[in-house]
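As a plain string of letters, each chain reads:
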Amino acid sequence: MAGIRVGRGGRVAAGIGLFAVLVGVVAWVSVVVPNDPWHDFFDLRVYRGAVTSWLDGRPLYDYTYGRSPYGFTYPPFAALLVLPMGLLPYPVVAAGHVLLNAVVLTGLAWWLLTPLARRHGWPLPWTWLLALPLLFVLEPVRETMGFGQVNLFLMALVLADVAALRRGSRWAGVGIGLAAAVKLTPGLFVVWLLLTRRWRAAGVAVGTAAAATLVAAAVAPATSWRFWTETLWQTERVGRLDKTSNQSLLGALARLADPDDPSRAVWALLAAVVLVLVLTRAVRAARAGDDLAGVALTGLAACLVSPISWSHHFVWLVPALVVLVDVAAGTPAAPGPPRWWRAHPRALAGSLAAVTSAVLASSAIWFAFATTGHHHERGVTGIVVEDLYLLVTLAVVALLPARRVTAARGAARTTAPSPPAGSSPR
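Read on for a plain summary of the structure. (Residues numbered from 1 in each chain as written. Predicted model: local features only at pLDDT ≥ 70, side-chain atom pairs only at ≥ 80, totals over all residues. Heavy atoms only, no water.)

### Structural notes on the overall build of the protein chain
Move 1: From N to C terminus, the protein chain includes 20 helices and 0 strands.
Move 2: Of all 426 residues assigned to the protein chain, the portion counted as buried reaches 52%.
Move 3: Looking at the protein chain as shown, the accessible area adds up to about 18800 Å², and 68% of this sits on carbon and sulfur atoms. (Helix = DSSP H or I, 4+ residues; strand = E, 2+ residues; numbered from the N terminus. Buried < 20%, exposed > 50% of the residue type's maximum accessible area, 1.4 Å probe, protein only. Areas by Shrake-Rupley, 256 points an atom, 1.4 Å probe, with all protein chains shown as cover.)

This is the structure:
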């Protein structure tokens, strides 16, 4: 790796290629994708409106944005974090959101891809620069930015704990604890820590989440009491179950049952089976030394079993895609995948990565979106297309291999510094 040099001609070619990719991304997002990629920062407006109303003395959870039914649905600790939004002009808030998301996405891309570049001899920083627009075009990423959502921040907190686990840091678990205090679904990562016997990290995560929640309760006791005893259970505040953008298991069942209500018993059974199977794979990945695959599987499990998982929640497909690309490039998979997968791991990993990326980049589910009628009136094809994010996620959680990255990293030390924890073992 240290001997790889990129000449002037190579740099010029890479620059032209990067520019072409960027132009293609902008053209695709602006013209071809059927769903509005920007959404006018709708969720960001909800957050800002809610905390502004709260600062004016009105109850936080009474607020709804405009004529919509949408209001603040996160715990009070999250409201404390975004409270400065209510003190700043909207243009400043929107610009700050875009800037912060861009910084986080850039950092995540560097952290995730640097180990791959070093292992496989890909030139840096071109690998990273070319990957950035490709990551941005994936719907979960661009909708996180377009809606003004927090998914990239939460993923960064969890992946910071992956790095901390690799270093053996006593602070491992703080990121997961903070993420769980902001939004409840990252609490599943605490279960993953327990199942992988990271007792200290799990304790730190629980303690951090509890401390953050208690701080919010001390600052706003009435608001906290209302959230934990009342608002938390009002699932209708989040949105309709059968919306196309709800790609959870319950969302798929709701679309199948439309116009009737889905069977909660069937959903509970499916969710329990999926949760057990996916967490089992996540634990095996961690024990094989691939924590990145483990947290990607855990994050996707949370998306699948949550009653509502909007398309932008599936940012956990990003680290899963990094694992698939790594295997496709030649990093050996740890024991565990089916025999037919082990026979052709590079081709199958590359194919799954390509299909998943194409589905997410094309916003495929919106080609089956119907403004009138029932979801199943388009027939089997319409049902399949409208559930494509769910289907590719099920394929990923079933097939994502853990990598034998320890040996690869040990070999890389002869020519390069240790890679960051984007592909860290324990």
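### A word on helix α12 (residues 249–257)
Residue pairs three or four apart in sequence face the same way in an α-helix, which turns once every 3.6 residues.
Move 1: Counted residue by residue, α12 has 7 buried out of 9 residues, so it is predominantly covered.
Move 2: By the burial criterion, the buried members of α12 are Leu249, Leu250, Gly251, Ala252, Leu253, Ala254 and Arg255.
Move 3: On its buried face, α12 is in contact with α13 (264–287), α14 (291–305), α18 (379–386) and α19 (388–399). (Contact = heavy atoms within 4.5 Å.)

### Structural notes on the nonpolar core
Move 1: Counting residues in each nonpolar core, the largest one holds 120 residues, and the members touching the most others are Phe72, Leu159, Val295, Trp316 and Leu400.
Move 2: No other element matches the 11 residues that α14 contributes to this core.
Move 3: In contact with Leu400, other than residues within four places in its own chain, are Arg281, Ala293, Ala296, Leu297, Ala320, Val323 and Leu324. (Core = buried A, V, L, I, M, F, W, Y, C linked by side-chain atoms within 4.5 Å.)

### Describing unusual backbone geometry
Move 1: A cis amide bond links Leu124 to the next residue, Pro125, at an omega of 5°.
Move 2: Structurally, the position occupied by Pro125 is in the loop between α4 (90–120) and α5 (126–136).
Move 3: The amide bond that connects Asp258 to the next residue, Pro259, takes the cis arrangement and shows omega of 10°.
Move 4: For Pro259, the location among the structural elements is in the loop between α12 and α13.
Move 5: You will see that Arg197, though not glycine, has its phi angle at about 65°, which is positive.
Move 6: Mapping Arg197 onto the fold places it in the loop between α9 (188–195) and α10 (199–219).
Move 7: Accessibility expressed as a relative area gives 60% for Arg197, which makes it exposed.
Move 8: Located in the positive-phi region is Ser363, a residue other than glycine, with phi close to 50°.
Move 9: You can see Ser363 is positioned in the loop between α17 (345–361) and α18.

### A few points about the packing of helix α7 (residues 151–167) against helix α8 (residues 174–182)
Move 1: Where α7 contacts α8, the two axes come as close as 7 Å, and the packing angle between them is 155°. In terms of axis orientation, α7 runs roughly antiparallel to α8. As for how α7 packs across α8, the hand of that crossing is left-handed. Residues Leu154, Leu157, Val158 and Asp161 of α7 form the contact with α8, whose participating residues are Val174, Gly175, Ile176, Leu178, Ala179 and Val182.
Move 2: Tallied by class, the residues present in the contact of α7 with α8 amount to 8 nonpolar, 1 polar and 1 charged. (Axes fitted to C-alpha atoms, helices over the stretch in contact; angles between N-to-C directions. Parallel < 35°, antiparallel > 145°, perpendicular 65-115°, else oblique. Left-handed = near helix turned anticlockwise from the far one by under 90°. Nonpolar A, V, L, I, M, F, W, Y, C, P; charged D, E, K, R; others polar.)

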